[in-house]
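# A structural walkthrough
Read off the chains here:
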Amino acid sequence: MDDSEVVVASGTPVPEVSAPSATADPDQVAVPEVGHPTTALIATATGSSVDVYDEPRGTVTQTVAAEDVLTVPDQTPLTFLVEEQDGEWLNVHLPVRPNGTTGWIEASDVGLVSTDMRVEVMLDTFTLTVYQGSDVVLESAIGVGRGDRPTPGGVYYIRELLQPPDPDGLYGPYAYGLSGYSPVLDEFNGGDAIIGIHGTNDPDSIGTLASSGCIRLPNDVITELVTDVGIPLGTPVYIGEADAPGA
């Protein structure tokens, strides 16, 4: 996200993030086709960390811990978007670098629920659409990443919901943290450069290339998304282009 202190919806403060640093060539950022599945499976960890394997019954390659990937880990559950299920094993999208990383986890380590909600972001038309099944429940113009700090295309999911202390500040009244990261920024003031969907104190930036990679919504729209639509943690977010084949 861009900068300023952010807090979880309950009001607990978290570290300030600012001062990004560039590390990659934005011209090499791929924007894939956007998918349209009508249901998704969400895995919520029963503990504070989950071991990730290279294949079912294989070797542990890493451990994803809430304290490493969540802003306020003691108040937000650790969730994953399921890509594939093989018996008691789940191939899930991971909230780690590089974007698009997946791995296998044991189903016994998580609880499973399904959702028919999804978010689709079209970078070339500056639009965000929220679906419930085949029905559109919200649609809005958005601001996206500048040319040198692009919003990365790909498959992501909602990892957390935050509430900034100032609803009229840079993030507006609410900010969703996604599972993805800026492809060109390493950090914001010592923290990971996480991609988010949030409000803005610059309404004129909607419909333009304006952010450092995050997706900006008008403040009334992000409020509606949080308070009326209520997308759950783990909801898939597909970022691509409207004119891509199959989009």
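Residues numbered from 1 in each chain as written. Predicted model: local features only at pLDDT ≥ 70, side-chain atom pairs only at ≥ 80, totals over all residues. Heavy atoms only, no water.

A word on the overall build of the protein. Summing up its helical and strand segments, the protein has 2 helices and 21 strands in all. Sequence-distant contacts in the protein: of pairs separated by 6 or more residues, those separated by 24 or more amount to 65%. Roughly 10,400 Å² of accessible area belongs to the protein as shown, and the carbon and sulfur atoms make up 46% of that amount. (Helix = DSSP H or I, 4+ residues; strand = E, 2+ residues; numbered from the N terminus. Contact = heavy atoms within 4.5 Å. Areas by Shrake-Rupley, 256 points an atom, 1.4 Å probe, with all protein chains shown as cover.)

A cis geometry characterises the amide bond from Arg 97 onward to Pro 98, with omega recorded as -5 degrees. Structurally, Pro 98 is set in the loop between strand S7 (89-93) and strand S8 (102-106).

As a further point, take empty space enclosed by the protein. Evaluation of the coordinates by the stated rule reveals 1 cavity of 30 Å³ or more. Space inside the largest cavity adds up to approximately 30 Å³. Along the walls of the largest cavity sit His 93, Leu 94, Asn 99, Gly 100, Thr 101, Val 155, Tyr 156, Ser 179 and Gly 180, which together make up its complete lining. Breaking the lining of the largest cavity down by element, the ones donating at least two residues are strand S14 (154-163) and strand S15 (175-181). (1 Å grid on protein atoms, 1.4 Å probe; cavity = no way out; pocket = protein on both sides within 12 Å on 5 of 7 lines; lining within 4 Å. Points joined across faces, edges and corners; volume = space filled by probe spheres on them.)

On to the confidence of the model for the protein. Per-chain confidence: the protein averages 87 in pLDDT, with 83% of residues scoring 70 or above. Throughout residues 2-30 the model reports pLDDT below 50, and contacts reaching past four residues in sequence, or to other chains, amount to 84 contacts. (pLDDT = per-residue confidence, 0-100.)

Here the focus is the nonpolar core. Formed by 26 residues in total, the largest nonpolar core has its most connected members in Val 121, Leu 128, Val 130, Ile 197, Leu 225, Ile 231 and Val 237. Top element by residues in this core is helix H2 (residues 219-229). It accounts for 5 residues. Every residue in contact with Ile 231, bar those within four places of it in the chain, is listed here: Met 117, Val 119, Val 130, Ile 158, Tyr 176 and Leu 225. (Core = buried A, V, L, I, M, F, W, Y, C linked by side-chain atoms within 4.5 Å. Buried < 20%, exposed > 50% of the residue type's maximum accessible area, 1.4 Å probe, protein only.)

Tracing the sequence through the fold places Thr 235 in the loop between H2 and strand S21 (236-240). Taking the relative accessible area as the measure of exposure, Thr 235 reaches 0% and is therefore buried. Of the polar contacts made by the side chain of Thr 235, one reaches the backbone oxygen of Pro 232; its length is 2.6 Å. In contact with Thr 235, not counting residues within four places along its chain, are Ile 42, Met 117, Arg 118, Val 119, Tyr 156, Tyr 157 and Ile 158. (Polar contact = N/O pair within 3.5 Å; in protein donor to acceptor, adjacent residues only side chain to side chain.)

Tracing the backbone through its elements, the reader meets Ile 142 in the loop between strand S12 (135-141) and strand S13 (144-145). With relative accessibility at 0%, the residue Ile 142 sits in the buried group. In this structure, the C-alpha to C-alpha distance between Ile 142 and Pro 218, residues 76 residues apart in sequence, is 7.5 Å. Other than its neighbours up to four places away in sequence, Ile 142 contacts Val 121, Met 122, Phe 126, Thr 127, Leu 128, Ile 206, Gly 207, Thr 208, Ile 215, Arg 216 and Leu 217.

Bringing the packing of aromatic side chains into the picture now. Aromatic rings considered in pairs are described by the distance between their centres and by the relative angle of their planes. The full count for this structure, using the stated rule, is 1 aromatic pair. Ring plane angle 85 degrees and centroid distance 4.9 Å describe the contact between Tyr 53 and Trp 89, whose orientation is recorded as edge-to-face. Of the two residues, Tyr 53 sits in strand S4 (residues 49-53) while Trp 89 sits in strand S7, which places them 36 residues apart along the sequence. By relative accessible area, Tyr 53 is classed as buried at 14%. Here the basic side chain of Arg 118 rests over the ring of Tyr 131, its NZ or CZ set 4.2 Å away from the ring centre. (Phe/Tyr/Trp six-rings, centres within 6.5 Å; stacked < 30°, edge-to-face > 60°. Lys NZ or Arg CZ within 6 Å of the ring centre and 35° of its normal.)

Along the chain, Ser 140 falls in strand S12. The buried category is assigned to Ser 140, whose relative accessible area is 8%. What Ser 140 contacts, discounting residues up to four positions off in sequence, is Phe 126, Thr 127, Leu 128, Leu 217, Pro 218 and Val 221.

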